[in-house]
Amino acid sequence: MTFIVVAIGMAAVIAAVLTLTLIRGRRGDEPAAAYDLRVYREQLDEVERDLARGVIAEDEAARIRTEVSRRVLEADRKLARQAATGQAPKALSLVAGIAVLAFLLGGAWITYSYNGMPGYADQPLDLRKAEAADYRETRMRQAEAEAKAPPMPGLPTPDAEHLKLVEKLRQVVAERGDDLQGLDLLAHNEAALGNFKAAYEAQAKVIALKGAQATANDYATQADMMVLASSGYVSPEAEAALEQALNRNPQNGTALYYWGLMHIQTGRPDIAFRVWRELLNVSKADDPWLPIVREQMPNLAWYAGDERYQLPPMPAAGGAPGPSAEDMAAAEDMTPEARQEMIRGMVARLSARLADQGGSPEEWARLIGALGVLGDREQAGAIWAEAQQTFAAQPDALATIRQAAQSAGVAE
């Protein structure tokens with residue numbers, strides 16, 4: 001309440017000063033006619049002094065007296081009129097002052113009541129940061145969030161054949177608990193069915209089996225499933241998985257999105273702004289979070305105090321990126337062996353990026369096709385097998401990759 005008390009007190013002081021001014025008027029001022037009258041009288045005295053010294057003749061002095069006397073009479077009439085209408089009655093001035101006082105005091109209170117928080121304690125920045133940190137440490141755990149979460153809307157209704165296949169997969173995985181490929185496939189299929197808890201539990205087993213070989217994408221996928229299980233809430237357990245993902249790849253898009261969302265939910269939109277600003281720099285046109293992030297960034301920029309922030313342009317849409325013009329020009333001058341080595345290097349970089357960050361179906365297809373061209377059918381077959389697990393719930397995407405696998409000779 002300190003702010004509103006000070007604001008109303010200042011309004012009262014200003015209103016009191018205005019009221020006194022209205023009632024008392026301005027001291028030391030005089031009407032213009034009074035000033036003119038005093039000047040004309042001094043001119044008459046000056047005429048008499050000039051006549052006594054012989055500076056002017058009697059007839060000229062008489063003419064000047066007549067002219068100045070006429071002006072004196074006119075100024076005297078103006079002074080009389082100004083004296084009659086120059087000041088408002090004190091009662092009217094008092095009423096006007098009270099109206100000003102009521103307007104300022106009432107306006108200050110109404111404005112604060114509408115935009116402020118009457119009765120709410122002061123919220124300095126350090127206190128808000130401390131409260132946000134405390135909330136982040138004590139917020140709901142994953143199990144509690146899942147128990148309170150409403151059903152996730154928009155999930156497709158699975159067909160009976162798909163349910164039978166998933167049930168068989170569950171039985172196989174239960175019998176062979178160390179089947180990495182089966183667990184990975186189970187995690188994605190459980191997620192496709194909306195069984196997000198079963199999905200992230202299977203994904204946790206995938207990560208445990210991989211051990212030190214677990215990638216940023218593995219942990220980001222686990223966090224994604226946990227957030228979906230709690231209907232969009234980023235729990236401390238999901239935060240731990242995101243931290244593992246970002247430690248392995250600070251530019252993992254899924255992890256950056258949920259890391260920013262977690263900071264929004266825990267009262268630090270300023271940090272979320274910085275996280276999502278980096279996310280926009282690494283996002284592609286078809287990334288699912290892009291519309292959400294772009295919509296929220298102006299608000300986050302305001303919270304962060306960056307009034308000059310402007311959204312970057314939308315990423316260019318299109319297929320998977322190919323070699324640059326510089327790469328193609330350099331390849332023309334290479335020997336066949338050097339050209340083959342350059343292609344292998346590009347394929348290796350694409351493979352590493354897809355393993356760490358994931359990618360579009362077109363990028364997976366490009367990788368399989370490139371491996372087929374290089375004659376590395378074994379690696380192309382392994383990538384095709386992984387793609388079938390990753391895109392099991394996306395038939396259209398899988399069809400795109402299948403075409404490349406057929407061209408590479410690793411799919412029927």
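All values reported here derive from a predicted model rather than from experimental measurement.

A. Structural context of the nonpolar core. In terms of nonpolar packing, the biggest core is built from 48 residues, with Val 234, Trp 276, Val 293 and Met 297 touching the most fellow members. Leave out the neighbours within four places in its chain, and Val 293 touches Tyr 257, Trp 276, Leu 279 and Leu 280. Counting 21 residues, the second largest nonpolar core, distinct from the first, contains Leu 371, Phe 391, Ala 404 and Ala 411.

B. Up close: the environment of Thr 254. Note on placement: Thr 254 falls in helix α12 (residues 253-265). For Thr 254, a relative accessible area of 23% corresponds to the partly exposed category. Put simply, Thr 254 and Leu 279 are 25 residues apart on the chain and 9.0 Å apart in space, counted from C-alpha to C-alpha. With near-sequence residues (within four places) excluded, Thr 254 lies in contact with Ala 220, Asp 224 and Trp 289.

C. Seen up close, the pattern of salt bridges. A full pass over the atoms with the stated rule returns 18 salt bridges. With its nearest N and O atoms 3.0 Å apart, the salt bridge here joins Glu 167 to Arg 170. Of this pair, Glu 167 and Arg 170 both sit in helix α7 (residues 160-175), 3 residues apart, which is roughly one turn of the helix. On the basis of relative accessibility, which here comes to 27%, the residue Arg 170 falls in the partly exposed class. Shared partners join several salt bridges into a network, and the residues in it are Glu 48, Glu 58 and Arg 65.

D. The arrangement of α12 in detail. Relative to the 18 Å expected for 13 residues at 1.5 Å per residue, α12 spans 19 Å between its end C-alpha atoms, a close match to the ideal helical length. Within α12, 10 of the 13 residues are buried, which leaves the element mostly enclosed by the surrounding structure. Every buried residue of α12 is accounted for by Gly 253, Ala 255, Leu 256, Tyr 257, Tyr 258, Trp 259, Gly 260, Leu 261, Met 262 and His 263. Structurally, the start of α12 carries an N-cap: the backbone nitrogen of Thr 254 is 3.3 Å from a side-chain oxygen of Asn 252. Backbone geometry just downstream of α12 places Gly 267 in the positive-phi region, at approximately 85 degrees.

E. Local environment of the environment of Val 347. Here Val 347 lies in helix α16 (residues 336-357). The exposure class assigned to Val 347 is buried, which follows from its relative accessible area of 9%. C-alpha of Val 347 to C-alpha of Leu 367: the two residues are 20 residues apart in sequence and 6.5 Å apart in space.

F. Examining the side chain of Asn 252 more closely. Along the chain, Asn 252 turns up in the loop between α11 (236-248) and α12. Relative accessible area serves as the criterion here: at 0%, Asn 252 is assigned to the buried category. Separated by 3.3 Å, the side chain of Asn 252 and the backbone nitrogen of Thr 254 make a polar contact. Looking at Asn 252, its side chain comes within polar contact range of the main-chain nitrogen of Ala 255, at 3.0 Å.

G. Quick look at the packing of helix α17 (residues 361-374) against helix α18 (residues 377-390). Across the interface, α17 lies against α18 with an axial gap of 8 Å and an inter-helix angle of 165 degrees. As far as their axial angle goes, α18 and α17 are roughly antiparallel. Pair α17 / α18 crosses with left-handed handedness. Residues Trp 364, Leu 367, Ile 368, Leu 371 and Gly 372 of α17 touch α18, and the partners they reach there are Gln 379, Ala 380, Ile 383, Trp 384, Glu 386, Ala 387 and Thr 390. Of the residues contributing to the contact of α17 with α18, the split by class is 8 nonpolar, 3 polar and 1 charged.

About the thresholds
Residues numbered from 1 in each chain as written. Predicted model: local features only at pLDDT ≥ 70, side-chain atom pairs only at ≥ 80, totals over all residues. Heavy atoms only, no water. Core = buried A, V, L, I, M, F, W, Y, C linked by side-chain atoms within 4.5 Å. Buried < 20%, exposed > 50% of the residue type's maximum accessible area, 1.4 Å probe, protein only. Contact = heavy atoms within 4.5 Å. Helix = DSSP H or I, 4+ residues; strand = E, 2+ residues; numbered from the N terminus. Salt bridge = Lys/Arg side-chain N within 4 Å of Asp/Glu carboxyl O. Expected span 1.5 Å × (residues − 1). Polar contact = N/O pair within 3.5 Å; in protein donor to acceptor, adjacent residues only side chain to side chain. Axes fitted to C-alpha atoms, helices over the stretch in contact; angles between N-to-C directions. Parallel < 35°, antiparallel > 145°, perpendicular 65-115°, else oblique. Left-handed = near helix turned anticlockwise from the far one by under 90°. Nonpolar A, V, L, I, M, F, W, Y, C, P; charged D, E, K, R; others polar.

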